[in-house]
Amino acid sequence: LVPVGSVLERVHELDAPLFGIIPRHATLMDPQQRLLLEGAWELMERAGHDPTRFDGAVGVYLSTVDSHYPQGPLRGAVEALVATAGREKDYAPARVAWALDLRGPTVAVQSASSSSLVAVHLACEALLHGECELAIAGGACIRFPQAGYVYDPGAMLSRDGQCRAFDAQASGTV
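Overview of the structure. (Residues numbered from 1 in each chain as written. Predicted model: local features only at pLDDT ≥ 70, side-chain atom pairs only at ≥ 80, totals over all residues. Heavy atoms only, no water.)

### A look at the pattern of salt bridges
For the structure on display, the rule yields 7 salt bridges. A salt bridge links R164 to D160; its shortest N-O distance comes to 2.9 Å. Taking relative accessible area as the criterion, R164 reaches 26% and is therefore assigned partly exposed. (Salt bridge = Lys/Arg side-chain N within 4 Å of Asp/Glu carboxyl O. Buried < 20%, exposed > 50% of the residue type's maximum accessible area, 1.4 Å probe, protein only.)

Pasting the structure below:
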């Protein structure tokens, strides 16, 4: 195991009532969606816009990864549906738009390691073309377990957790 990566504390916490989410359903959500919800709320707050009172269009351009978040046992068909929406990466922007009652383009961006940058680009284009008045753009990447990765000599990840671009010692990316 190559012990590389950030460990995010309290990834299982969310102020579920703030977002109109049943606490049990919040436990089924991928922590990336929780992080994006909290980040979007804070972004709107710092920008001086109450999402519940802003009448204009707010575009949401977000990316997540397949985190392999362990959801645990599900209690019936409704929870299975809630769990699917809570873990699938393409649901993240829709979750944020729904929870904050935002109106505007809602786009899941997936372009591997450039996803957050592409999300920002798409948001800028939407603003320039009048598709929205405000935009939330970015991404989250939390993989489970949060302990690092297993090195595979045939894969693209570095053998020692170091990224050495244009170096003879380079053995992959992180």
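### Concerning the packing of helix α2 (residues 31-46) against helix α4 (residues 92-99)
What describes two packed helices is the angle between their axes and the distance between those same axes. Remark: α2 packs on α4, axes separated minimally by 10 Å, with the N-to-C direction vectors making an angle of 40°. In terms of orientation, α2 and α4 fall into the oblique class. In terms of crossing hand, the pair formed by α2 and α4 is right-handed. Listed contacts from α4 to Q33, L36, L37 and A40 of α2 are A92, R95, V96 and A99. Split into classes, the residues belonging to the contact of α2 with α4 amount to 6 nonpolar, 1 polar and 1 charged. (Axes fitted to C-alpha atoms, helices over the stretch in contact; angles between N-to-C directions. Helix = DSSP H or I, 4+ residues; strand = E, 2+ residues; numbered from the N terminus. Parallel < 35°, antiparallel > 145°, perpendicular 65-115°, else oblique. Left-handed = near helix turned anticlockwise from the far one by under 90°. Contact = heavy atoms within 4.5 Å. Nonpolar A, V, L, I, M, F, W, Y, C, P; charged D, E, K, R; others polar.)

### Section: α4
In terms of burial, α4 is a largely internal element, 6 of the 8 residues being buried. Every buried residue of α4 is listed here: A92, P93, R95, V96, A97 and A99. Where the residues of α4 are buried, they touch α2, β1 (58-63), α3 (77-87) and β2 (106-108). Looking one or two residues past α4, D101 carries a phi angle of roughly 55°, positive in sign.

### Focus: the side chain of T64
By the secondary structure assignment, T64 is in the loop between β1 and α3. For T64, the side chain forms a polar contact with the main-chain oxygen of K89, separated by 3.4 Å. For T64, the residues in contact, after removing those within four places along its chain, are Q32, L36, K89, A92, Q110 and A140. (Polar contact = N/O pair within 3.5 Å; in protein donor to acceptor, adjacent residues only side chain to side chain.)

Worth remembering: the numbers are spatial, not functional.
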